[in-house]
Amino acid sequence: MSWVTDFAPERDDLDSCVTCGLCLPFCPTFRLTGDETASPRGRLAAILAVARGEQPVDERFDEMMSFCLQCRACEPPCPSMVPYGKIQERVRAELLVQRPSLRRFLRRLVLGRGLASPTMLRTAGIGVAVAQRLGLTRLVGGPTGRSLRALRRVSLPLRPTRGRSWEPRGTPVGTVALFSGCVMDVWFTPVHEALVDVLRVAGYRVVAPASQVCCGALAAHDGAAFDAVRMAAHNVRAFAEVDLVVVDAAGCGAHLRDYGHWVDGGAELAAKTVDATVLVARLLDDGALPELEGDRGEVAVQDPCHLRHAQRIVEEPRRVLRAAGYVPVEIDDLGLCCGAAGIYGLSYPDTSAELGRRKAAQVRDSGASVVASANPGCELQLRGHLDVGIEVRHPIELYRDALLDELTA
Ligand code: SF4
Ligand code: SF4
C-alpha cells in the first residue's frame, strides 16, 4: 500500500530531489545524529520508496518522518528547490490516517479543533493566568512545564485583539489587518499591542477581523489536513475585504504565505500577507517611521526557522533593531532550529532540549543581555533555556519601546 489520502505527496515534488546532499549540513537532526535516515535526503528517499510502493508506511517510516522538526532549513540550500515543507506536511496527513494512535487523535483534537475555537483559547488563557498567579505552573514537569514557566505573565482580564480596531495617530495613510492568531492572541498580546502602536504612529488604521481563526499551521504540521483546510478557508473569507495583512508570528506568517497549496483563494491571501518586520522595515525606508537616536546596546538576533528558512526573511529584523538604536549581534549558528518546532518537544523532549540548550549557549556567548525573536514558540524555548537576566523580546516590541520613549521625551 502506498498513499491513501487526497493529501499524498506529489510525485513531481519527490522526483525533483537529485540526491546531491547539499542540504545535509543544514539539517539539525542530521547534525545531531550523523545518520542518513535523519537527513532530508534520507527522508525523501524513504518517501519516494513509499510512493513507488517499495516500502510500507510502517513504524520505521513513521519514526523517520516524525523525528523531522519541519524547520525547512533544508530548503534554502537546495539547488532543485525541493518543496520539503509541503512534502512533509502531506506525509504527516498520510501518517494520521495510516498510523492512527490515541496520541495522534488527541493532538488532532487540540491542534485541529481547540486552536480554532475562541472559547477554548479564552479558557486556556484564563487557566494559565490563574495558574501563574497561584504558582501552579511550578507543579507541571517536562517540556510542558518548562514552556508554561517561560510564558510571559498573562493579563487578567485577557486583552484579545480579535474583533477590535484602532485609529491612526496623525494623518491616515491606509488600513492594515492584523492577523491575531490563536495562542498569540491570549498569551502574547503585548506583541500585538506593540505592533498596533507602531502602525498607528505610521498613520495606519489597524483592524483585527472578528471572524478570523488560527492559521492552521500546527494542524497542518501534525497531519490534520482537513482541519487545516477548514481554517484556511475561514481566514480567506475573514480577510477578503482587506488589501494588506500583517503577521507578527513567523510560524503563522509562513503558513499563511503557503495558503496557495491549501485552499481556493489562498494564493490571494498569501500575496497580501506580510511579516511585521518586513512592513516596519519598509515604513522605515519610506520615512513613515523614524530612525531612533540613542545607543541601547547589543541585542542577539535569533532567526526563527519559519522566518529565515520558510520566508527567507533575514535582514528586516536587523533593520528594525538598528532603527531602534540597538546593535544586532549574530549568534553564528547557521539559523539552526532552537528545538521548539511547534509541539516537537512533546514527542522528542531530549532532542528538543538539546537544541534549546545549544541555542541558549550561543545567545549567552554573544554577551548580549537581550535576544530578539519573532516567533512565540522560539521565545518560550529560549526563555526556558536561558538564565534569568537575559530578556527575550520581539523585535517590534523593542522598536515600539524606543519609539514611545522618543515620542514622550
Ligand atoms: S525540515 Fe529540518 S529537520 Fe526536517 S529534514 Fe529539513 S532540515 Fe532536517
Ligand atoms: S539539496 Fe535538494 S536536491 Fe540535494 S539532496 Fe537535499 S533535497 Fe535533494
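The rules we used
- Residues numbered from 1 in each chain as written.
- Chains lettered and ligands numbered in written order.
- Predicted model: local features only at pLDDT ≥ 70, side-chain atom pairs only at ≥ 80, totals over all residues.
- Heavy atoms only, no water.
- Helix = DSSP H or I, 4+ residues; strand = E, 2+ residues; numbered from the N terminus.
- Polar contact = N/O pair within 3.5 Å; in protein donor to acceptor, adjacent residues only side chain to side chain.
- Contact = heavy atoms within 4.5 Å.
- Domains from an automatic or database assignment.
- Buried area = accessible area lost by both parts, 1.4 Å probe.
- Salt bridge = Lys/Arg side-chain N within 4 Å of Asp/Glu carboxyl O.
- Near = heavy atom within 4 Å.
- 1 Å grid on protein atoms, 1.4 Å probe; cavity = no way out; pocket = protein on both sides within 12 Å on 5 of 7 lines; lining within 4 Å.
- Sits in = over half its atoms within 2 Å of the grid points.
- Nonpolar A, V, L, I, M, F, W, Y, C, P; charged D, E, K, R; others polar.
- Buried < 20%, exposed > 50% of the residue type's maximum accessible area, 1.4 Å probe, protein only.
- Pairing = 2+ DSSP bridges.
- Axes fitted to C-alpha atoms, helices over the stretch in contact; angles between N-to-C directions.

Colleague: Before we move on, can you summarise the side chain of R152 with the specific residues and values?
Modeller: By the element assignment, R152 lies in the loop between α8 (142–150) and β1 (165–166). Within the structure, R152 has its side chain in polar contact with the side chain of E379 (distance 2.7 Å). Excluding residues within four positions of it along the chain, R152 makes contact with Q132, W187, F188, P190, V191, E379, R383, V392, R393, H394 and E397.

Colleague: Account for the domain arrangement of the protein, with residues named and values stated.
Modeller: Domain annotation of the protein identifies domain 1 (11–95) and domain 2 (291–408). Each partner contributes residues to the interface: domain 1 has 17 residues there, and domain 2 has 16 residues. Of the roughly 1400 Å² buried where domain 1 meets domain 2, counting both sides, 68% is carbon and sulfur surface. In this assembly, domain 1 and domain 2 are joined by zero salt bridges. Across the contact surface, domain 1 and domain 2 share three residue pairs in polar contact (both at pLDDT 80 or more). Of all the elements in the fold, those that place two or more residues in the side of domain 1 that touches domain 2 are α2 (28–33) and α4 (59–66).

Colleague: Go over the site of ligand 1, please, and point to the residues and values.
Modeller: C27, R43, C68, C71 and C74 are the nearest of the 13 residues found near ligand 1. In this structure the site holding ligand 1 corresponds to the second largest cavity. Among the elements of the structure, α2 and α3 (40–51) are those that each provide at least two residues to the shell around ligand 1. Here the shell around ligand 1 is built from residues that sort into nine nonpolar, two polar and two charged.

Colleague: Describe the side chain of R400, with residues and values.
Modeller: If you trace the backbone, R400 turns up in helix α21 (residues 395–408). Owing to a relative accessible area of 14%, R400 belongs among the buried residues under this scheme.

Colleague: Quick one: what's the story with the sheet that holds strand β8 (residues 370–372), residue by residue and with numbers?
Modeller: A sheet is described by the order of its strands in space; here four strands give the open sequence β7-β6-β8-β9, paired in parallel fashion. At either margin of the open sheet sits one strand with a lone partner, and together these are β7 (327–330) and β9 (391–393). On average, each strand axis in the sheet is tilted by 35 degrees relative to the strand beside it, whichever way the strands run. As paired elements, β8 and β9 share three bridges and run parallel to each other. Across the sheet, the residue bridging to V371 is V392, located in β9.

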